[in-house]
Amino acid sequence: MKPRMTLRWIVFAFAAFILNFPVIATLITAFKGAGEVSRNPSLWVQAPTLENFATVLTVSDRLNVYHYLWNSTVAALIGAVLPMLVAFPLAWAMVRRGVGRGVLFPLVVNLRALPLIIFAIPLYMMFSVAGLLDTRLGLGLILAIVNLPLALLLLVNAVAEIPAEIEEAAHMDGARTGRLLLRVVLPLCRPALITTFVFGFITAWNEFLFGLMLTTREAVPMTVGASFFFATSGGGVQWGLAAAVMVVAALPPLVLGLVMYRRITGSMVAGAVKG
Amino acid sequence: MADLRLEHLSKRIGGHSVTHDVSLSVPDGAFCVFVGPSGCGKSTLLRLIAGLEEASAGRILVGGRDVTQVPAWDRDLAMVFQSYALYPHMTVRDNIAFALRSARRPEPEVAAKVAEAARILQLDSLLDRKPAQLSGGQRQRVAIGRAIVKQPKLFLFDEPLSNLDAELRVHMRLELARLHRQLGTTIVYVTHDQVEAMTLATQIVVLRDGRVEQVGSPLQLYDAPDNLFVAGFIGSPKMNLLAATRQGDRLVLPGCGGQSVPLPPLAALPAEGVPLHLGLRPQAISATGAQSLDLVIEVVEHLGSETLVHARAPGSAELVTALVTGGRTLSPGQPFTAGFGTAALYLFDPTGQRLR
Amino acid sequence: MTNRRENAILAAPLVLFLLAILGFPTVLALVYGVSDTSFQTLTSPEFSGLANFRQVLADPTFWQAAWFSLRFGAITAVLQCALGLALAVYLAPLVRLHGWTVAILIIPMIVAPAMMGLMYRLVLHEFAGPLPHYLYQWLGWSPAFLSPAHVFKTVVVAETLQWTPFAFLLFLTAYQSIPEDLREAAAVDGTRPWRRFWTIELPLMLPTVWVALFIRFIDGFRVFDNIYTLVGAGPGGSTTSMSIYIYETFLRRGEIGKAMAAAILLFVTAFLALALAQRLTRKAAR
């Protein structure tokens with residue numbers, strides 16, 4: 001039994017290393033000084049330094065990482081919270097009264113499987129007319145659409161798990177629909193709401209295509225900003241700096257994801273199997 | 001507090017009739033129990049009264065007010081559910097206070113009433129716990145507390161004791177009886193357990209297939225069942241029901257080796273040869289009696305002071321159960337003389353209606 | 001009943017949101033799909049019938065992109081599911097004792113695909129990249145990962161390594177939900193682990209296998225972020241996926257009508273494929 005477990009540990013370590021290799025390599029490179037990067041491409045840092053991070057975190061003409069982070073944060077918050085707000089009442093009505101079960105539910109859930117680029121172009125045109133192009137709100141609205149299918153799916157599952165008797169008890173206690181939803185159903189959906197938020201925030205933060213197409217200066221999110229850094233650095237990429245930018249860009253969802261990994265894994269499965 | 005009247009109440013789901021033309025009057029302060037086998041429509045009837053189901057036809061009047069079209073939250077009733085349906089995210093205190101807060105009562109009044117309910121139900125020390133931290137009996141009391149705090153016109157109970165173990169069930173039964181005496185509020189109570197019905201009710205409604213079979217006090221139903229179904233349902237152990245046909249002034253029992261007994265006093269005689277049902281309660285059987293059947297003991301269940309005897313006539317189909325005092329010496333294989341008086345006999349026609 | 005009005009109110013936020021953000025653009029897409037438009041004439045599209053569609057269907061790059069997406073989606077889906085299944089079944093006993101190991105393995109999923117593409121740029125860089133460095137050091141040779149000869153394999157491996165954790169997670173859950181009784185019963189019956197996997201565990205996990213293949217195929221088919229940040233359209237357009245094709249047609253070349261026509265074609269195909277897949281799964285469920 002013991003040696004078998006040891007072999008499993010070895011396989012785990014190997015898989016973890018291979019799967020995370022780009023992340024590990026980037027993290028290590030971020031600690032290499034400007035001189036060392038070109039001399040030493042290995043996974044060993046000779047003279048660890050924080051100078052890359054210092055440069056990245058200093059506002060300059062070329063790179064204002066705080067601006068990107070702020071854009072991403074605002075857009076991802078809109079993109080994570082808005083779908084929960086619009087999906088929650090419908091999820092309840094769907095489970096308890098069958099509202100929209102025939103058309104609306106499959107329509108929304110199938111959105112998840114469609115290539116997003118389909119909507120990107122007409123959205124670009126609509127946004128340019130509506131003045132939403134290159135705004136955090138505009139980006140957030142799209143990210144909300146991206147997250148809507150999973151939000152609806154998770155909330156429908158959550159509401160379906162609430163025993164009907166509890167809601168009937170609330171009715172007998174004099175609660176109309178509004179009070180029932182706010183005081184009973186909403187608190188009971190809290191675990192699902194947290195999951196939806198965590199997952200939605202990570203997805204929204206990581207989104208790239210819409211950020212690339214719908215923003216140019218003011219509302220550029222972190223993922224797109226990081227790629228700018230690669231494209232615009234004339235005379236070759238400064239790899240140490242680039243790596244530090246990527247670490248900063250990847251950190252918020254990574255921290256959230258690792259702290260809440262149980263919730264992500266759960267919603268992954270729910271979203272996949274019920275969809 | 002209020003009385004309850006149901007007038008020609010029906011509920012159809014699809015083409016199927018779940019409750020059918022139920023008319024009933026429950027006086028103010030009564031403890032009314034709906035009893036019947038599962039699927040008899042008793043829970044549906046309760047939910048119609050509660051407003052959780054919509055009536056297909058008929059009227060519901062609470063304290064003279066027609067509430068048929070009133071939604072559940074405006075009927076001013078309280079209900080205790082089988083699963084208790086406590087709000088798992090709220091403390092006991094908030095659970096009990098929920099109804100009062102729904103009605104936007106001032107907080108001092110809410111606190112006072114919650115305290116009062118907690119005192120009556122001995123929940124004082126549990127007020128800050130969540131339902132998950134309570135035992136089954138405690139949850140039950142919280143569910144009741146949630147119901148009594150709003151001083152509703154009626155209490156509705158949907159099989160409230162069925163999730164408790166046997167010992168606790170007996171205890172809670174006593175508690176409920178005491179509570180009813182203390183509060184005096186009209187109670188409508190659903191159960192499939194006829195013992196609960198007999199011990200708690202001032203009025204029992206026996207239901208079958210969505211219809212009312214008989215309404216009456218526990219002893220009325222026990223002593224004078226209207227039909228075969230009520231006779232078989234009320235009373236424990238169950239009434240013996242034997243096949244019988246009239247021959248002259250006697251009843252011949254083909255299931256008991258063709259032995260016969262005299263007819264009970266009847267207003268009109270049934271036709272000869274018609275298959276009838278003869279009812280005889282196990283408690284009415286003793287070793288002595290004006291009439292008797294000669295049987296052989298098959299199984300003996302010693303209960304201590306009493307003995308339950310299952311016996312049949314040699315080579316015959318029908319088993320007769322008797323509850324006799326003493327009987328410690330009885331054992332299987334012994335002959336058993338089941339004695340009884342003619343007045344203890346019930347006779348039912350082929351449709352199950354009682355012949356009087 | 002008054003429920004009618006209440007239901008409408010409950011559904012309204014989502015319906016209005018959908019109509020506003022997707023309904024209007026869909027109409028726009030249809031209008032521009034049959035119009036001759038460029039960025040200069042954005043507000044005055046000229047009706048051109050099905051010309052855009054004819055143009056798209058006659059464009060060899062379109063067909064190349066479609067073929068790329070199909071191949072990419074199918075190959076990565078199969079690779080991810082095979083690797084994910086093997087890892088899940090083999091590591092399940094370890095994961096049961098040490099739940100945190102899952103968190104380590106799903107890190108790639110939490111990293112933005114666009115970032116992952118950029119990270120591979122670093123990893124594969126011929127001077128700064130650790131992978132060519134070690135290959136040279138140990139083997140004295142390293143392929144040109146992003147050359148026309150190897151770029152397809154490179155993006156397939158990159159995609160596979162990032163999303164194998166997804167398949168792993170699905171299979172792990174499916175594996176863990178197989179009742180322990182069944183395994184014990186098989187063990188008592190004298191079934192060895194390898195045979196147990198093929199005769200009991202795999203059949204029970206088969207629905208999950210289809211779901212995982214389907215999801216991974218869809219995601220592979222519509223790939224954009226990581227390929228775009230790693231190599232863009234690729235040397236000679238060799239990594240132009242459908243999404244990249246539409247993007248390039250629209251933003252780089254400004255052929256709005258054509259891009260829209262391609263998007264509509266993609267939408268219709270995806271929708272039909274989806275409907276078909278759901279029909280098949282529903283049949284299988286019965």
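The structure presented is a predicted model; accordingly, all values stated were derived computationally and were not measured.

Cut-offs applied
- The written sequence of each chain sets the order in which its residues are numbered from 1.
- Chain A is the first chain written and ligand 1 is the first ligand written, with later ones labelled in order.
- With pLDDT at 70 or above as the cut-off, local features in this predicted model cover only qualifying residues; side-chain atom pairs require 80 or more to be listed or tallied, and sums for whole chains, interfaces and linings still use all residues.
- Excluded from the side-chain calculation are hydrogens and water; included are all heavy atoms of the structure.
- Helix numbering and strand numbering both begin at the N terminus, where a helix is a DSSP run of H or I of at least 4 residues and a strand a DSSP run of E of at least 2.
- We compute the radius of gyration over the C-alpha atoms and compare it with the globule rule, which gives 2.2 Å times the number of residues raised to the power 0.38.
- Burial classes follow relative accessibility: with a 1.4 Å probe on protein chains only, a residue under 20% of its type's maximum area counts as buried, one over 50% as exposed, and anything between as partly exposed.
- In what follows, residue pairs with any heavy atoms lying within 4.5 Å of each other are defined as contacts.
- Only four residue types enter the tally: Lys and Arg on the positive side, Asp and Glu on the negative side, with His and both chain ends excluded.
- Think of each charge as sitting on NZ of Lys, CZ of Arg, CG of Asp or CD of Glu.
- In these tables, accessible area is a Shrake-Rupley quantity obtained with a 1.4 Å probe, and a residue counts as shielded only by the protein chains included in the view.
- Computed with a 1.4 Å rolling probe, the buried area is the accessible surface lost when two parts are put together, summed over both parts.
- For this scheme, ten residues count as nonpolar: Ala, Val, Leu, Ile, Met, Phe, Trp, Tyr, Cys and Pro. Four count as charged, namely Asp, Glu, Lys and Arg, and the remainder, Gly too, count as polar.
- The score called pLDDT rates the predictor's confidence residue by residue, from a low of 0 to a high of 100.
- We define a salt bridge as a contact between a side-chain nitrogen of Lys or Arg and a carboxyl oxygen of Asp or Glu at a distance within 4 Å.
- Side-chain atoms alone can form a polar contact between residues adjacent in sequence; in general such a contact is a pair of N or O atoms within 3.5 Å, and within protein one must be able to donate a hydrogen while the other accepts it.
- Between N-to-C directions, angles span 0 to 180 degrees; the directions come from axes that are lines fitted to C-alpha atoms, helices contributing only their stretch in contact.
- Convention used here: angles under 35 degrees read as roughly parallel, angles over 145 as roughly antiparallel, angles from 65 to 115 as roughly perpendicular, and any remaining angle as oblique.
- In plain words, nonpolar cores are sets of buried Ala, Val, Leu, Ile, Met, Phe, Trp, Tyr and Cys residues tied together by side-chain atoms within 4.5 Å.
- The split of the chain into domains comes from an automatic or database domain assignment.
- The way it works is a 1 Å grid over only the protein atoms, where trapped points that fit a 1.4 Å probe form a cavity and open points with protein on both sides within 12 Å along at least five of seven lines form a pocket, and then any residue with an atom within 4 Å of a point lines it.
- Grid points are joined across faces, edges and corners, and a volume is the space filled by probe spheres set on the points.
- Patch membership requires over 30% relative accessible area and the absence of a salt bridge. Like charges are linked within 9 Å, and nonpolar side chains (Val, Leu, Ile, Met, Phe, Trp, Tyr) within 5 Å.
- Only Phe, Tyr and Trp rings take part, Trp by its six-membered ring, and two of them pair if their centres are within 6.5 Å. Stacked means planes under 30 degrees apart, edge-to-face means over 60, and tilted covers everything else.
- Each ring is checked for a lysine NZ or an arginine CZ that lies within 6 Å of its centre and within 35 degrees of its normal; such an atom marks a charge sitting over the ring.
- In this description, strands pair whenever DSSP reports at least two bridges between them.

*Asks:* Just to check I follow, could you spell out the overall build of chain C for this structure?
*Replies:* Regarding its fold elements, chain C presents 13 helices and two strands. Over its C-alpha trace chain C gives a radius of gyration of 24 Å, far above what one expects of a compact globule, namely 19 Å for 286 residues. Expressed along its principal axes, the backbone C-alpha trace of chain C runs to roughly 75 × 75 × 30 Å. When the 286 residues of chain C are sorted by exposure, 52% land in the buried category. Counting contacts in chain C only where the partners sit at least 6 residues apart, residues at least 24 apart contribute 68% of the total. In chain C, which carries 20 positive and 15 negative side-chain charges, the distance between the mean positions of the two groups comes to 6 Å.

*Asks:* Quick question: what am I supposed to make of the overall build of chain A here?
*Replies:* Along chain A, the regular secondary structure elements total 15 helices and zero strands. Seen through its principal axes, chain A has C-alpha atoms that stretch 75 × 65 × 30 Å. Classification of the 275 residues of chain A by burial places 61% in the buried group. Contacts in chain A between residues at least 24 apart in sequence constitute 71% of all its contacts with a sequence separation of at least 6. Summed over its atoms, the accessible surface of chain A is roughly 10800 Å², and 68% of this surface lies on carbon and sulfur atoms. Averaging the coordinates of the 19 positive side-chain charges in chain A and doing the same for the 11 negative ones gives two points 8 Å apart.

*Asks:* Please clarify how the interface of chain A and chain C should be interpreted in this entry.
*Replies:* One frequently used descriptor of interface size is the decrease in accessible area upon assembly of the parts. Between chain A and chain C, the residue contacts involve 85 residues of the former and 90 residues of the latter. Summed over both partners, the interface of chain A with chain C buries about 7900 Å², with 82% contributed by carbon and sulfur atoms. Considering each element in turn, the side of chain A that touches chain C owes the most residues, 11 residues, to helix α1 (residues 2-19) of chain A. For the side of chain A that touches chain C, the class distribution of residues is 68 nonpolar, 13 polar and four charged.

*Asks:* I keep staring at the confidence of the model for chain C and nothing clicks. Help me out?
*Replies:* Low pLDDT marks regions whose predicted coordinates should not be analysed in detail. Chain-level pLDDT for chain C is 88 on average; 97% of the residues reach the 70-or-more range. Across the assembled chains, the prediction reports ipTM 0.89 with pTM 0.87.

*Asks:* Help me understand the interface of chain B and chain A in this model?
*Replies:* The interface of chain B with chain A comprises 26 residues on the first partner and 16 residues on the second. Between chain B and chain A, roughly 1800 Å² of surface is buried when both sides are summed, and carbon and sulfur atoms account for 60% of that area. Looking only at chain B, the three residues that lose the most surface to chain A are B:W73, B:H89 and B:F98, adding up to 34% of its buried area. In this structure, B:R146 engages A:D173 in a salt bridge whose closest nitrogen and oxygen atoms are separated by 3.8 Å. Across the contact surface, chain B and chain A share 11 residue pairs in polar contact (both at pLDDT 80 or more). Listing elements by their share of the side of chain B that touches chain A, those giving two or more residues are α1 (42-50), β6 (78-80) and α2 (92-102) of chain B.

*Asks:* Honestly, the packing of helix α5 (residues 65-97) of chain A against helix α10 (residues 177-188) of chain A in this entry has me stumped. Any pointers?
*Replies:* A packed helix pair is summarised by two numbers, namely the angle formed by the two axes and the spacing between the axes. Residues and elements named next belong to chain A. Where α5 meets α10, the closest approach of the two axes is 12 Å, and the angle between their N-to-C directions is 100°. In terms of their interaxial angle, α5 and α10 are classed as roughly perpendicular. Counting all contacts with α5, which are made through F88, W92 and R97, the residues of α10 involved are T177, L180, L181, V185 and L186. The residue makeup of the contact of α5 with α10, split by class, is six nonpolar, one polar and one charged.

*Asks:* I would appreciate a short explanation of the side chain of B:T185 in the present structure.
*Replies:* Note on placement: B:T185 falls in the loop between α5 (166-183) and β8 (186-191). With relative accessibility at 9%, the residue B:T185 sits in the buried group.

*Asks:* In this structure, what is going on with the environment of A:D173? I would like to understand it.
*Replies:* Its location among the elements puts A:D173 in the loop between α9 (164-172) and α10. Through-space distance from the C-alpha of A:D173 to that of A:L7 is 59 Å; in sequence the pair is 166 residues apart. Beyond its immediate stretch of four places on either side in the chain, A:D173 contacts B:Y87, B:F98, B:A99, B:S102, B:R146 and B:K150.

*Asks:* Explain the nonpolar core here, please?
*Replies:* It is characteristic of soluble globular proteins that their nonpolar side chains tend to be buried jointly. Membership of the largest hydrophobic core comes to 233 residues, with the highest contact counts inside it found for B:F34, B:L156 and C:L14. Beyond its immediate sequence surroundings of up to four residues, B:L156 is in contact with A:M172, B:L46, B:I49, B:A50, B:L77, B:A78, B:M79, B:V80 and B:V188. With 47 residues, the next largest nonpolar core counts B:I120, B:A197, B:V230 and B:F233 among its residues.

*Asks:* Quick question: what am I supposed to make of the domain arrangement of chain A here?
*Replies:* Residues and elements named next belong to chain A. As far as domains go, chain A holds domain 1 (2-56) and domain 2 (65-274). Centre-to-centre separation of domain 1 and domain 2, based on C-alpha positions: 31 Å. Between domain 1 and domain 2, the residue contacts involve 10 residues of the former and 10 residues of the latter. Summed over both sides, the interface between domain 1 and domain 2 buries roughly 830 Å², with carbon and sulfur atoms accounting for 88% of that surface. Interface area lost by domain 1 to domain 2 is led by T26, F53 and V56, which between them contribute 53%. At the junction of domain 1 and domain 2, the tally comes to zero salt bridges. Across the domain 1-domain 2 interface, the total number found is zero residue pairs in polar contact (both at pLDDT 80 or more). For the side of domain 1 that touches domain 2, the secondary-structure elements that each account for two or more residues are α2 (21-29) and α4 (51-56). Per element, the largest residue contribution to the side of domain 1 that touches domain 2 is four residues, and it comes from α4. Of the residues contributing to the side of domain 1 that touches domain 2, the split by class is five nonpolar, four polar and one charged.

*Asks:* Where do I start with empty space enclosed by the protein in this structure?
*Replies:* It is a probe the size of a water molecule, rolled over the atoms, that shows where empty space is left. All names here are of chain A. Scanning the model with the defined rule gives three cavities of 30 Å³ or more in all. Estimates place the volume of the largest cavity at around 60 Å³. Forming the walls of the largest cavity are N71, S72, A75, A76, L139, L143, A204, W205, E207, G211 and P221. At the level of elements, α5, α8 (136-160) and α11 (190-206) are the ones that each hand at least two residues to the lining of the largest cavity. When residues of the lining of the largest cavity are assigned to their parent elements, the largest contribution, four residues, is made by α5. Each residue belonging to the lining of the largest cavity can be placed in one class, and the counts come to seven nonpolar, three polar and one charged.

*Asks:* Please clarify how a nonpolar patch on the surface should be interpreted in this entry.
*Replies:* Residues and elements named next belong to chain A. Side chains of F14, F17 and I18 sit close together on the surface and give an oily, nonpolar patch of about 290 Å² of accessible area. Topologically, F17 is positioned in helix α1. According to the relative accessible area criterion, F17 is partly exposed, its value standing at 37%.

*Asks:* What is the right way to look at unusual backbone geometry in this model?
*Replies:* Excluding glycine, most residues fall at negative phi; most peptide bonds, likewise, are trans. Note that the residue after B:S236, namely B:P237, is joined by a cis bond; omega there is -5°. With respect to the helices and strands, B:P237 occurs in the loop between α8 (228-233) and β11 (240-247). A positive phi angle, near 60°, is found at A:D134, a position not held by glycine. Its location among the elements puts A:D134 in the loop between α7 (117-130) and α8. A positive phi is found at B:E159, a non-glycine position, where the angle reads about 40°. Along the chain, the position of B:E159 falls in the loop between β7 (154-158) and α5.

*Asks:* Got a minute to help me understand the packing of aromatic side chains in this structure?
*Replies:* To describe a pair of aromatic rings, one takes the distance between the centres and the angle between the planes. Within this structure, the stated rule accounts for 29 aromatic pairs over all chains. Both rings, one in A:F201 and one in A:W205, keep their centres 5.9 Å apart while their planes meet at 35°; by these two values the pair is tilted. Separated by four residues within a single helix, A:F201 and A:W205 lie in helix α11, roughly one turn from each other. By relative accessible area, A:W205 is classed as buried at 3%. When the ring centre of C:Y175 is taken as reference, the NZ or CZ atom of C:R183 above it lies at 4.1 Å.

*Asks:* I'm lost on the sheet that holds β11(B) in this one. Help?
*Replies:* Two orientations exist for strands paired in a sheet by backbone hydrogen bonds: parallel and antiparallel. Residue and element names in this part refer to chain B. Strand order in the open sheet formed by six strands is β13-β12-β11-β14-β19-β20, with antiparallel pairing between adjacent strands. The open sheet has two edge strands, β13 (259-262) and β20 (354-355), and neither has a second partner. Sheet topology places β11 next to strand β14 (residues 276-280); five bridges connect them, and they run antiparallel. Of the residues in β14, the one forming a bridge with N240 is L280.

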